[in-house]
Amino acid sequence: MTALVLENVCKSFGEVKVLKDINLTVEDGEFVVFVGPSGCGKSTLLRVIAGLEDATSGIVSIGGDVVNNTPPAKRGIAMVFQSYALYPHLSVKGNMALGLKQEKQPNSVIEERVAKAVQMLDLGAYIDRRPSDLSGGQRQRVAIGRAIVREPKLFLFDEPLSNLDAALRMNTRIEIADLHRKLSASMIYVTHDQTEAMTLADKIVVLRDGRVEQVGSPMELYNNPANQFVAGFLGAPSMNFLKTSVADAPDGITTGIRPEHLTLAKSGPITGNVTHVEQLGGDTNILVKTNKDEMLTVRLFGQHPSQVGEAINLNFAPENAFHFDNNQNRVHL
Amino acid sequence: MSTARSNRFNTFAAHGALILYTLIALFPVFVIVINSFKTRKAIFREPLAMPNSDSFSLIGYETVLKQGDFFLYFQNSMIVTVGSLFFILLFGAMAAFALAEYRFKGNTLMGLYLALGIMIPIRIGTVAILEMMVQTGLVNTLWALILVYTAQGLPLAVFILSEFMRQVSDDLKNAGRIDGLNEYTIFFRLVLPLVRPAMATVAVFNMIPIWNDLWFPLILAPAEEVKTLTLGSQVFIGQFVTDWNAVLSALSLAILPVMGLYVIFSRQLIRGITSGAVK
Ligand SMILES: Nc1ncnc2c1ncn2[C@@H]1O[C@H](COP(=O)(O)OP(=O)(O)OP(=O)(O)O)[C@@H](O)[C@H]1O
Ligand SMILES: [Mg+2]
């Protein structure tokens with residue numbers, strides 16, 4: 001069974017088209033991540049799936065049922081928001097139980113499910129506190145708990161970690177991955193942090209300007225991007241795009257090389273001068289200005305004593321290079 | 001160093017200005033209250049003197065209380081003020097929520113139409129209002145006053161409250177929708193508590209003019225059993241003789257209920273209860 005199917009979904013706000021012809025399938029138990037630059041329509045797509053916005057046209061089906069005219073509460077979804085969105089007047093327990101009370105579930109079921117979620121998320125000590133007395137990470141866990149107790153067919157996360165600090169973000173990321181394994185539930189997760197996208201996803205959906213650019217597993221997208229946008233969006237530091245710096249490259253073709261695929265060499269197809277060095281301990285990032293005035297980044301494993309101003313030559317294996325035409329589409333030479 | 005000094009200077013200046021303003025604003029009230037405890041002669045001989053054993057007298061209060069209906073006037077004023085505030089806040093908040101939350105045709109136009117009421121004084125329509133009240137048989141009822149004051153207060157209430165409601169997090173309302181709350185529950189349970197300070201502001205803004213109004217009680221409800229306090233006090237002001245003791249005592253008493261209401265609302269104003277709902 002498929003958790004979610006979108007067919008030609010469009011959404012406009014007045015004249016402005018925000019989503020254009022989205023087609024997408026989420027299989028049962030799949031973890032799908034939407035990524036894309038700010039304003040590309042990720043949240044809007046999530047809200048259309050949740051039923052908080054109506055699709056202007058197209059079909060949304062969840063768990064096999066067309067839900068275009070079903071209110072959010074009846075769609076079998078649960079959503080976790082970036083701003084937590086906990087009910088300020090209710091305790092942690094009240095926050096989690098409210099949805100079930102609205103569904104008129106018997107008290108025993110409510111107690112049992114809340115207890116299970118509390119145990120899973122380690123919230124036992126805070127059960128009677130108000131949201132205002134919790135830290136950011138605890139609040140986000142309560143918000144996740146509120147989603148879990150409803151046992152939805154589909155979880156929706158809208159940038160749930162972006163208000164947390166770096167360490168907490170990493171912990172919560174692992175917790176979410178863990179949760180996905182334990183519940184084996186279908187999840188859709190919106191982020192513009194590509195580490196989250198790469199580490200969590202079974203399938204990544206790259207969006208740009210309301211269109212799906214490419215769909216695939218993280219490694220498929222990394223190894224085989226369909227166009228220059230996807231190539232540049234995934235991977236950190238992002239891919240270098242060189243129009244003229246590579247010796248004997250054909251005209252009108254942009255060569256894309258990931259920073260980790262460049263190596264220092266005695267002589268090579270690229271020459272330039274070091275403009276900046278970032279020593280990270282385990283890695284070294286070297287920023288280079290080529291003799292054709294293009295900027296590129298080299299990522300070297302380990303520590304390297306490069307100096308700003310130094311002239312260097314760079315080489316790469318031809319099979320690691322990508323080629324794009326003037327319309328930014330991938331071409332195979 | 002220099003910023004610290006100028007900061008202290010600023011603080012002093014600000015406090016000085018505020019204290020001065022408070023003194024100026026409270027002075028008439030002070031004069032009214034002290035004179036309400038003096039004999040008529042003492043009021044005119046030395047209006048600014050405190051009452052002493054010679055000049056002290058409760059004659060004003062005795063007159064007021066002997067006038068029998070005074071408690072009724074109090075009650076009428078209270079009903080009108082509280083009733084009007086209730087409807088202003090209820091309907092104002094509902095309209096503000098609709099304007100702030102829902103996209104529908106004519107939303108902006110509706111907002112402008114409601115805002116127009118802020119600029120046009122309702123008293124211009126007095127004659128038409130009186131005709132309507134006569135036709136609906138509401139003349140000489142408290143409802144006439146409550147309806148008019150509600151209409152008078154709504155524009156500003158909608159304007160202020162919709163601005164605040166726009167700031168209530170969309171995520172919170174959406175979380176409620178996903179949990180199956182209906183729009184009324186979202187409005188009453190989630191949104192209203194978060195805009196409580198704004199509601200208190202609106203209540204305070206509207207309360208004093210309603211309590212003090214003489215115009216509409218005189219025109220719409222002058223009958224004895226529906227007189228408001230302000231109108232009732234007028235019996236002591238005659239064309240030829242004015243019973244100043246009674247007038248001052250009545251005014252002093254009239255201050256008390258509004259002060260009570262103000263204390264209630266201002267506590268809401270200060271209580272910033274909402275932190276922690278959203279980040
Ligand atoms: N209610 C609305 N009315 C009009 N335009 C809207 C509305 N909601 C969103 N938009 C527009 O739709 C576009 C996509 O917004 P959306 O919030 O989906 O972006 P996003 O991909 O989630 O961005 P971010 O990463 O910053 O959260 C934006 O250009 C936004 O201005
Ligand atoms: Mg978003």
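These numbers come from a predicted model, not from an experiment.

### Some points on the overall build of chain A
Okay, so step 1: Broken down by element type, chain A carries eight helices and 19 strands.
Okay, so step 2: Dimensions of chain A along its principal axes, counting C-alpha atoms only, are 75 × 45 × 35 Å.
Okay, so step 3: Buried residues in chain A amount to 38% of all 333 residues.
Okay, so step 4: The contacts in chain A between residues at least 6 apart in sequence include a share of 62% that link residues at least 24 apart.

### Side note on the interface of chain B and chain A
By a frequent convention, interface size equals the accessible area lost on bringing the separate parts together.
Okay, so step 1: In this assembly, 18 residues from chain B lie in contact with 24 residues from chain A.
Okay, so step 2: Of all elements in the fold, only α8 (170-178) and α9 (183-194) of chain B reach the threshold of two or more residues within the side of chain B that touches chain A.
Okay, so step 3: Sort the elements by how many residues they give to the side of chain B that touches chain A and α8 of chain B lands first, with six residues.
Okay, so step 4: Tallied by class, the residues present in the side of chain B that touches chain A amount to eight nonpolar, six polar and four charged.

### Considerations on the domain arrangement of chain B
Residue and element names in this part refer to chain B.
Okay, so step 1: According to the domain assignment, chain B consists of domain 1 (2-57) and domain 2 (68-270).
Okay, so step 2: When each unit is reduced to the centre of its C-alpha atoms, the spacing between domain 1 and domain 2 is 30 Å.
Okay, so step 3: On the side of domain 2, seven residues touch domain 1, which itself brings seven residues to the contact.
Okay, so step 4: At the level of elements, α1 (2-36) and α2 (40-45) are the ones that each hand at least two residues to the side of domain 1 that touches domain 2.
Okay, so step 5: The element contributing the most residues to the side of domain 1 that touches domain 2 is α1, with five residues.
Okay, so step 6: Tallied by class, the residues present in the side of domain 1 that touches domain 2 amount to four nonpolar, two polar and one charged.

### Focus on the site of ligand 1
Residue and element names in this part refer to chain A.
Okay, so step 1: Neighbouring ligand 1 are the residues F13, V16, V18, G36, S38, G39, C40, G41, K42, S43, T44 and H192.
Okay, so step 2: Of all elements in the fold, only β2 (16-27) and α1 (42-50) reach the threshold of two or more residues within the shell around ligand 1.
Okay, so step 3: Taken together, the residues that form the shell around ligand 1 break down as four nonpolar, seven polar and one charged.

### Here's the deal with the environment of I120 of chain B
Okay, so step 1: Positionally, I120 of chain B belongs in the loop between α5 (107-119) and α6 (126-135).
Okay, so step 2: Placed 40 residues apart in sequence, I120 of chain B and V80 of chain B show a C-alpha to C-alpha distance of 22 Å.

### Thoughts on the sheet that holds strand β14 (residues 270-279) of chain A
All names here are of chain A.
Okay, so step 1: Spatially, the five strands line up as an open sheet ordered β13-β17-β14-β15-β16, and their pairing is antiparallel. Pairing within the sheet leaves two strands with one partner each, and these edge strands are β13 (263-265) and β16 (295-301). Shown here is a sheet whose adjacent strand axes are inclined to one another by a mean of 50°, direction ignored.
Okay, so step 2: Inspection of the sheet shows β14 paired to strand β17 (residues 311-315) by four bridges, in the antiparallel sense. Bridging from a neighbouring strand, I270 pairs with L314 of β17.

### Some details on unusual backbone geometry
All names here are of chain A.
Okay, so step 1: With an omega of -10°, the peptide bond running from A236 to P237 counts as cis.
Okay, so step 2: Position of P237 among the secondary structure elements: in the loop between α8 (228-233) and β11 (240-242).
Okay, so step 3: Here the phi dihedral of D122 falls at roughly 65°; this positive angle occurs in a residue that is not glycine.
Okay, so step 4: The residue D122 is located in the loop between α3 (107-121) and α4 (136-148) in this model.
Okay, so step 5: Residue D122 is classed as exposed on the basis of its C-beta count, with 11 C-beta atoms lying within 10 Å.
Okay, so step 6: A positive phi angle is found at D209, which is not glycine, with a value near 50°.
Okay, so step 7: Judged by local crowding, D209 falls into the partly exposed class, with 15 C-beta atoms found within 10 Å.

### Focus on the packing of α3 of chain A against α4 of chain A
Residues and elements named next belong to chain A.
Okay, so step 1: At a minimum axis separation of 9 Å, α3 and α4 run at an interaxial angle of 140°. Classified by the angle their axes make, α3 and α4 are oblique. In the packing of α3 onto α4, the handedness of the crossing is right-handed. Packed against α3, whose contacting residues are A117, V118, M120 and L121, the element α4 presents R141, I144, G145 and I148 at the interface.
Okay, so step 2: A per-class count over the contact of α3 with α4 returns six nonpolar, one polar and one charged.

### Brief notes about the environment of K93 of chain A
Residues and elements named next belong to chain A.
Okay, so step 1: With respect to the secondary-structure elements, K93 resides in helix α2 (residues 92-102).
Okay, so step 2: Along the chain, K93 and V118 lie 25 residues apart, while their C-alpha atoms are 8.6 Å from each other.
Okay, so step 3: Beyond its immediate chain neighbours, meaning those up to four positions away, K93 contacts V114, I127 and D128.

### Quick word on the domain arrangement of chain A
Residues and elements named next belong to chain A.
Okay, so step 1: Along its sequence, chain A is organised into domain 1 (2-230) and domain 2 (238-331).
Okay, so step 2: Averaged C-alpha coordinates put domain 1 and domain 2 at centres separated by 38 Å.
Okay, so step 3: Per-class residue counts for the side of domain 1 that touches domain 2 are three nonpolar, two polar and no charged.

### Points about the environment of L194 of chain B
Residue and element names in this part refer to chain B.
Okay, so step 1: Mapped onto the fold, L194 is located in helix α9.
Okay, so step 2: For L194, a count of 20 C-beta atoms within 10 Å puts it in the buried group.
Okay, so step 3: Placed 27 residues apart in sequence, L194 and Q167 show a C-alpha to C-alpha distance of 9.6 Å.

### Observations concerning the packing of helix α4 (residues 70-101) of chain B against helix α10 (residues 196-212) of chain B
All names here are of chain B.
Okay, so step 1: The interhelical angle for the contact between α4 and α10, taken along N-to-C directions, is 145°, at an axis separation of 10 Å. Crossing of α4 over α10 shows right-handed handedness. Where α4 abuts α10, its residues S77, V80, T81, S84, L85, I88, L89, G92 and A93 lie against M199, V202, A203, N206, M207, I210 and W211.

### Considerations on the pairing of strand β7 (residues 154-158) of chain A
All names here are of chain A.
Okay, so step 1: Counting buried positions along β7 gives five out of five residues, so the element sits mostly inside the fold.
Okay, so step 2: Alternating positions in β7 separate into two faces, L154, L156 and D158 on one and F155 and F157 on the other, with burial throughout.
Okay, so step 3: Direction of pairing for strand β6 (residues 77-80) relative to β7: parallel, over a ladder of four bridges. Note on β7: the bridge partner recorded for A78 is F155.
Okay, so step 4: Relative to strand β8 (residues 186-190), β7 runs parallel, the two sharing five bridges. Counterpart to L156 in the pairing with β8 is I188.
Okay, so step 5: Each parallel crossover has a hand, and for β7 linked through helix α5 (residues 166-183) to β8 it is right-handed.

What counts and how
Residues numbered from 1 in each chain as written. Chains lettered and ligands numbered in written order. Predicted model: local features only at pLDDT ≥ 70, side-chain atom pairs only at ≥ 80, totals over all residues. Helix = DSSP H or I, 4+ residues; strand = E, 2+ residues; numbered from the N terminus. Buried ≥ 20, exposed ≤ 12 C-beta atoms within 10 Å, placed from the backbone. Contact = placed C-beta atoms within 7 Å. Nonpolar A, V, L, I, M, F, W, Y, C, P; charged D, E, K, R; others polar. Domains from an automatic or database assignment. Near = placed C-beta within 6 Å. Pairing = 2+ DSSP bridges. Axes fitted to C-alpha atoms, helices over the stretch in contact; angles between N-to-C directions. Parallel < 35°, antiparallel > 145°, perpendicular 65-115°, else oblique. Left-handed = near helix turned anticlockwise from the far one by under 90°. Right-handed = clockwise from strand over helix to strand, strands pointing away.

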